[in-house]
Structure formats: C-alpha cells, structure tokens
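As a plain string of letters, each chain reads:
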Amino acid sequence: MKEHQRVALVLCLIWLGTLLYGEMFAFWMPPFFSCSWPHRSNSKMAGQGHAGDYVKVAVIADPQLMDKTSLHLPPKSLALEIAQFYTDLYMRRAIFSSVLPFKPDVVLFLGDYFDGGPNLSDEEWQESLSRFKHIFGLNTAYDNIQVYYIPGNHDLGYANLYSSKPEVIKRYEKEFGSRNYQFKVGKVEFVVVDAQTLDGKQNLASASWDFVMNISKDNQSYPRALLTHIPLYRQDWINCGPHRHSPIIIQWIQRTFPEQEIRYQNYITEEASNRLLNLIKPVLILSGHDHDQCTVTHDTQTGPVMEHTLGTISWQQGNLYPSFMLLSVSNSSLSATSSREDMILTKLCFLPKQTHIYIWYLLLFVLTILALLFWPTGGLNVWHHFGNLVDVSKKLMSCNIFRDGTKEKNEDENCEYEMIWGADGSMHVIKKALSNPVTSPSDRSLVERGNAVMRPAAKKAINLESELSLDVDNHNAVKLAPRASRSKIKIIIQRLLRMIRMVILIAAVNVPLYMMLLFKDWIDK
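Residues numbered from 1 in each chain as written. Predicted model: local features only at pLDDT ≥ 70, side-chain atom pairs only at ≥ 80, totals over all residues. Heavy atoms only, no water.

Points about helix 8 (residues 166-176)
Within helix 8, the full set of buried residues consists of Val168, Ile169, Arg171, Tyr172 and Phe176. Those residues of helix 8 hidden inside the fold are in contact with helix 5 (122-135), strand 3 (146-149), helix 6 (153-156) and helix 7 (159-164). Immediately downstream of helix 8, the backbone of Gly177 shows phi near 95°, a positive value. (Buried < 20%, exposed > 50% of the residue type's maximum accessible area, 1.4 Å probe, protein only. Helix = DSSP H or I, 4+ residues; strand = E, 2+ residues; numbered from the N terminus. Contact = heavy atoms within 4.5 Å.)

So this is what it looks like as structure tokens:
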C-alpha cells in the first residue's frame, strides 16, 4: 500500500469515528454516563428507599420549532427547510436517545412549542403541530407516559394578543387543554399557571388569578410545585449559578400604546410574583422562557423557595448548551423526619453541543484536504532520518576538524613530482625538492600529497576547458528552466488529482453512513 493510500485510510477511519460519535454516541452520553435520577445520586437519599419510592419526571423547555417567523426566510425556501430539518432532528435525537432511555413516568413541557404560534395561520399551525408530535414521538412513544403542557408566550402571545386573537387561544386549548390547571404526581401537587396573563388588565388576568385564589383556599394536603413559563421576578444581575452561560437578562416590560397591554416581558413583575408565592406556597418553582439555565432562591412567608429556570432543548435558540431536567418526586407522604424540599429532587442534564460538533466537522474537513495535498510521498519516516543523522555524526567525528593539536606536517609539501620518459618508452615519476619551499597556505594549495605539479601549459589548457564547459552549462540551464517549471506544474496537478481521488474514496465510505444515521433517527419508530 502506498503512503498516500495509508493516509487516506487513516483519515477515513477518523471520519468514521467522528460521524458515529457526533450523530449517535454523543446522544447516548446522558443516560449512560453523565446524568442519572437524583434519588440515586443525591447524597442525602443514598441508601434510603428504592426506585419505587419515587415517580420519575422529565422536564423539557422551549423547543420553539422554527417557522417562517424565525429567520425571516421565505416560507418553503430551501434554506428554511434545511434549518428546520437539522433543528428538528437534533431535538428528536435528544428525546429518543437522551431523555426517553431514562424511562420517565411523566414528561412536562414548559411552553414555547412553536416560534411564531400566534402569527401562524390555521394551516401553518397544524403543520407545526404535526412536526412537534413527530419530533417528540407523541403519536407513538408515550403509551405509558403521562404528558402535561404549559402555555408559553410563543404559543399564545402576551396579554395584548389574548383580546385581539381569541382564535389562537381556542386552537391551543383544543389541542393542549386548559391553560390553568393542577395535577398530582406521587405525593406532590403541581400547579400550572398561564403566566402571560398575570400582569395583564383585570379582565384578562381575572381567569388566572381566580384559579390561583381557588387553589389557595383548598386544604393543602401535599407539597406544591409551581409551573410557569415566564420566570418569577428576580433582582437585576442576580447570580444564576454555575450553569448559566449567557449574560443575565434584566427586567424589561414593553407595553402597547395607548392600551398599555403587555407586548413583552422577561419576568413576572415583583408584585405579581410575591402574590403568587404567598397564595400557592410552593416548595419548588420550574420555569422556562429565558432559554438559559438559572437557579435562584425566593424569600417567602413560608421560607426560602428555589426556582429552576430551564434552558432550551433546541440548539438553535441562542444557547450552546441545551439541557433538560430530571425530577424524582416522592411517592411517600411527608414525614416528620423529612423536609418539604426533599419531596422533589432535581438534576440538570446537558445535551450534546451541536454547534461544537459541526465546528469539528469543518476543521476535520480542512485537515483532510491539507493532509492529502501536502503529505510527503515518502512519508514521515522518523527512524530513517534519525539513522542518517547518526551516520553524518560518525563521519564528522572521523574528520580532522575534531582532532587536537596542529596539522601534521606533510613531508611532501616542499617537493614536486616530474614525469620523465625513458629510452624504452616507459614513464618514470621523479621526486625533486622545490627551489622555493612552500611557506604560505595559498602556496600549499598548489601542492597536494601524492599528485604531480601542474605546469603552466596544463593550467592554461584546463582554464580553457573550464570556460568552454561553463558556456555549455549556461546554455543547458536556459534550456532546462522551462522543463523544471513544467515539471512543478505537473507535480501540482498530480497531487490535486490524487487528493480528489482520495476525497472521493473517503466520501464513498462516510457519506452513505452519514445519510443512514440522519434518516435512521428521523423515521418514526
């Protein structure tokens, strides 16, 4: 096998391993290596109870499926179709390879299922809904899993759209159910609140606040967890914990004029947040909307309460570190020896960094081209070059330049040799002493040990021959210059053709593998 063929084989294997990891193995990391249910990894719960004592809940936030409103691209354009495909494929791999292998009993979606939900026609909305169900396997993979939904601002809009587009509310509730409701998991009560209406005008907010008031009047038999898409109020520039990767967003509310209805808000206002906490009295708060992870603690009348704002599960929504959360909800009643916070244990799990994977693909492609173009034909034989270096060192050690002392005196340096022909036609070499001994280095160069001295006539003839030889060499060099240039061009073309052949060979092996990995995960299972 030739050297460039060996290089192509090594690069082909590197591409093979890279594609298998980036398109498949990376999504196996959370369930097998990097994440686990909190009741199994929490130090307080170690050795207490078993898996049956907990209900396993997976929480997903802000898939926000891309549509015509996402990148301002024409509907059905090729660029939009490609962006949608790779974004949808990532989330489908995340749910099937990273989330569902944990075998959750319950899945919670914290809102923002679509990107431009309120601005989509009924036909476009139904198309996005079909994509949403396909991505998360809602038609096939949830036979024994209970699923709960929370409305987000990208699904319904804010208070200003509730009055102007009532049909948006109707189609959402027809598909996903009520916007305000409660349900029980294990021995914990979960309360879902439509946060987009809490700071709206009285007629719009009344339904949500009436629901909250009714909850507060109930006899609280179990600890409560509050689920809201928009996070509760927090101080500007508050520390969000070690998992936050983007800048902290400060409170910002945008209102319409002159109606003064909310068009956008980062957090629920401080007044509405405090009222909500005091009425519901939760032990845990889960929210989304921010697309990045943030953990804060709220001071309430019943003590400190932790809020987890989850990052998006999509890699195209401004967060390089997509994530989901695992909850271990106690299936046992609250005892005198356990705290309310221990009734719900949390674990944040991170998904593959898709942007980094694509950057590595690009770098590997550049490395492949450079290696195939510039790899030496003879290879990088390090031992061969090391052996040559040793031989050169030995020769240098044997030379006179490493000897000590002065140069040995040449006994023949003050003699000359003369050729004399005898009477029988034979030639004799006679050694004679020089009339003027050699005293300078320049004179010594004329005399070499064991050689005859050149006569002036011989020197003249040699000089003439040298001049003639120089003229011939110059003439030949002029003729050879175009040949050398043509030879370099030929080498470049040969290397380019060889590189193209090797790239085609590598692609012939890896492109079918890549396509198989793409559509293996996209087809319904």
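From this point, the narrative continues.
What about the pairing of strand 12 (residues 323-330)?
Burial runs high along strand 12: 8 of the 8 residues are buried. What you see with strand 12 is no split at all: Ser323, Met325, Leu327 and Val329 on one side and Phe324, Leu326, Ser328 and Ser330 on the other are buried throughout. Pairing of strand 1 (residues 54-60) with strand 12, which is carried by 6 bridges, proceeds in the antiparallel orientation. From the neighbouring strand, Val57 faces strand 12, where its bridge partner is Leu327. (Pairing = 2+ DSSP bridges.)

Some remarks on the state of the cysteines
Summed over the entire model, instances satisfying the criterion amount to 2 disulfides. In this model, Cys35 is linked to Cys349 through a disulfide, with the two sulfur atoms separated by 1.7 Å. Between Cys35 and Cys349, the S-S dihedral sits near -50°, and the bridge is therefore left-handed. Of the two residues, Cys35 sits in the loop between helix 2 (29-34) and helix 3 (38-41) while Cys349 sits in strand 13 (residues 344-350), which places them 314 residues apart along the sequence. Take Cys35: its relative accessible area is 8%, and that puts it in the buried class. (Disulfide = S-S within 2.5 Å.)

Focus: the UniProt feature "transmembrane region" (unreviewed entry) in the protein chain
Here, the residues flagged by UniProt with the feature "transmembrane region" (unreviewed entry) are residues 357-375 and 496-519. The span residues 357-375 shows a helical share of 95% and a strand share of 0%, and its end C-alpha atoms are spaced 26 Å apart. Here residues 496-519 is 100% helix and 0% strand, with 33 Å between the C-alpha atoms at its ends. (UniProt positions renumbered as here; feature names shortened; annotations may be inferred.)

With respect to a nonpolar patch on the surface
Where nonpolar side chains cluster on the molecular surface, the patch consists of Tyr21, Phe25, Trp28, Met29, Phe32 and Phe33 and spans about 650 Å² of accessible area. Ranked by residues supplied to the nonpolar patch, first place goes to helix 2 with 3 residues. With respect to the helices and strands, the residue Phe33 is situated in helix 2. (Patch = residues over 30% accessible without salt bridge, like charges linked within 9 Å, V, L, I, M, F, W, Y side chains within 5 Å. Areas by Shrake-Rupley, 256 points an atom, 1.4 Å probe, with all protein chains shown as cover. Salt bridge = Lys/Arg side-chain N within 4 Å of Asp/Glu carboxyl O.)

Here's the deal with the sheet that holds strand 3
An order of 3-2-1-12-13 is seen for the 5 strands of this open sheet, with the pairing classed as mixed. Here the strands that pair on one side only, and so sit at the sheet edges, are strand 3 and strand 13. Within the sheet, the average angular offset between the axes of one strand and its neighbour, ignoring direction, is 20°. Bridge analysis of strand 12 against strand 13 gives 7 bridges, and the strand direction is antiparallel. Looking at the pairing, Val329 lines up with Ile344 of strand 13. (Axes fitted to C-alpha atoms, helices over the stretch in contact; angles between N-to-C directions.)

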